[in-house]
Amino acid sequence: MNREVIISEIISRYEICPYPSPAVHRRGKPHTTVDFAGIREEDKKLRDEFYMRCALELAEASLRFGEVPVGAVMVRGDSIIAADFNGRESEKNALYHAEVAVIGKTCREMGGWRLPGCELYVTLEPCIMCTGAIFQARVPRLIFGASDPKAGFFGGIANACEMPLNHKMNVVSGVLAEDAKNLLEEFFTKKR
């Protein structure tokens, strides 16, 4: 089955989020914030888990293509803008990490390289390449599942948020981490 068809089918199951969405405020061109004021912490947590489940389904779908199971979803307000999963093996492209693919799709969809008001959900802590792309796209909020102590750049081998970079973002880690970790462990156990 075609990867875009699979992605579309998965996204269609997550079109309506039952939890409150953040407000997207302009702070002056082109900066936009993701504002959770007035939204209960429990609802915010449930919303993060809702979109992470979508990313996990994408990660699971990547197994059909022999890919390391990592999925990513870009959300703005209450809409999924783009979604994808790793494609290094199937696309024969070292740069085809789920995060980079989703950022590229979102830039095309939004018509610019800055992604104000967006939230990136990814099942695995981003590597240095993906971290660079996330910062360059000015994504204001990153949510990831499993930590990556060997290559992760938000606490694994380094923490990009502690570096003197010109962009600051909100990072939430550990969302459905066990599910993401189990999917990765199962994949690598079968590979060995």
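That block above? That's the structure.
Below you will find a few notes about this structure. Small disclaimer: the values here were computed from a predicted structure and weren't measured.

### Notes on the side chain of asparagine 86
Counting through the fold element by element, asparagine 86 comes out in the loop between β4 (79–85) and α3 (88–91). With near-sequence residues (within four places) excluded, asparagine 86 lies in contact with Arg3, Ser62, Glu67, Val68, Val70, Tyr96, His97 and Ala98.

### Describing the packing of helix α1 (residues 3–12) against helix α2 (residues 41–62)
Two numbers describe how α1 lies on α2: the axes approach to 10 Å, and their chain directions differ by 155°. With respect to α2, the element α1 is oriented roughly antiparallel. As α1 runs across α2, the sense of the crossing is right-handed. In this structure, α1 uses Ile6, Ile7 and Ile10 to contact α2, whose residues at the interface are Cys54, Glu57, Leu58 and Ala61. Class assignment of the residues belonging to the contact of α1 with α2 gives a composition of 6 nonpolar, no polar and 1 charged.

### Quick notes on the layout of surface pockets
Of the voids in this model, the largest pocket is the one considered here, and its volume is about 650 Å³. As for the largest pocket, its lining consists of 23 residues, and the residues nearest its centre are Val68, Leu124, Asp148, Leu184 and Phe188. Mapped by element, the contributors of at least two residues to the lining of the largest pocket are α3 and α6 (177–191). It is α6 that contributes the most residues to the lining of the largest pocket, 4 residues altogether. Taken together, the residues of the lining of the largest pocket sort by class into 10 nonpolar, 3 polar and 10 charged.

### Here's the deal with α1
What α1 keeps buried is the set Arg3, Ile6, Ile7, Ile10 and Ile11. Across the axial projection of α1, the buried residues extend over an arc of 130°, all falling on one side. In this structure, the buried side of α1 is in contact with α2, β4, α3 and α4 (98–110). The residue sitting at the N-terminus of α1 and contributing the capping side-chain oxygen is asparagine 2; that oxygen lies 2.6 Å from the backbone nitrogen of glutamate 4.

### A few points about the pattern of salt bridges
The final tally for this structure, using the stated rule, is 13 salt bridges. Salt-bridge contacts for glutamate 119 lead to arginine 47; the nearest nitrogen and oxygen are separated by 2.9 Å. Of this pair, glutamate 119 sits in strand β5 (residues 118–124) while arginine 47 sits in helix α2, and the two are 72 residues apart along the sequence. The exposure class of glutamate 119 is buried, given its relative accessible area of 0%. We note a salt bridge from aspartate 48 to arginine 141, for which the minimum N-O separation is 2.8 Å. One end of the pair, aspartate 48, is in helix α2; the other, arginine 141, is in strand β6 (residues 141–146), and 93 residues separate them in sequence. Here aspartate 48 matches arginine 141 in class, with each residue buried. Salt bridges linked by common partners bring Arg3, Glu4, Asp84, Glu91 and Lys105 together as one network.

### Looking at the packing of aromatic side chains
Tallied over the entire structure, the rule returns 6 aromatic pairs. Aromatic pair tyrosine 51 and tyrosine 121: ring centres 5.5 Å apart, planes at 45°, arrangement tilted. Of this pair, tyrosine 51 sits in helix α2 while tyrosine 121 sits in strand β5, placing them 70 residues apart in sequence. Summarising the burial analysis for this pair, tyrosine 51 and tyrosine 121 share the class buried. Ring pairing ties together the aromatic residues Tyr14, Phe50, Tyr51 and Tyr121, which thus form one cluster. Note that arginine 3 overlies the ring of phenylalanine 65, its terminal NZ or CZ placed 5.7 Å from the centroid.

### Structural notes on the side chain of serine 62
Looking at the secondary structure, you find serine 62 in helix α2. In this structure serine 62 touches Glu67, Val68, Pro69, Val70, Phe85 and Asn86, once residues within four positions along its chain are discounted.

### Structural notes on the sheet that holds strand β7 (residues 170–172)
Strands sit in the order β4-β3-β5-β6-β7 across an open sheet of 5 strands; the sheet is mixed. The sheet is open, and its two borders are formed by β4 and β7, each paired with just one other strand. The average undirected angle you get between the axes of adjacent strands in this sheet is 15°. Here strand β3 (residues 71–76) runs beside β5; their pairing, made up of 5 bridges, is antiparallel. Paired with alanine 72 across the bridge in β5 is valine 122.

Conventions adopted
- Residues numbered from 1 in each chain as written.
- Predicted model: local features only at pLDDT ≥ 70, side-chain atom pairs only at ≥ 80, totals over all residues.
- Heavy atoms only, no water.
- Helix = DSSP H or I, 4+ residues; strand = E, 2+ residues; numbered from the N terminus.
- Contact = heavy atoms within 4.5 Å.
- Axes fitted to C-alpha atoms, helices over the stretch in contact; angles between N-to-C directions.
- Parallel < 35°, antiparallel > 145°, perpendicular 65-115°, else oblique.
- Left-handed = near helix turned anticlockwise from the far one by under 90°.
- Nonpolar A, V, L, I, M, F, W, Y, C, P; charged D, E, K, R; others polar.
- 1 Å grid on protein atoms, 1.4 Å probe; cavity = no way out; pocket = protein on both sides within 12 Å on 5 of 7 lines; lining within 4 Å.
- Points joined across faces, edges and corners; volume = space filled by probe spheres on them.
- Buried < 20%, exposed > 50% of the residue type's maximum accessible area, 1.4 Å probe, protein only.
- Arc of directions from axis to C-beta.
- Polar contact = N/O pair within 3.5 Å; in protein donor to acceptor, adjacent residues only side chain to side chain.
- Salt bridge = Lys/Arg side-chain N within 4 Å of Asp/Glu carboxyl O.
- Phe/Tyr/Trp six-rings, centres within 6.5 Å; stacked < 30°, edge-to-face > 60°.
- Lys NZ or Arg CZ within 6 Å of the ring centre and 35° of its normal.
- Pairing = 2+ DSSP bridges.

Distances and angles like these do not, on their own, reveal function.
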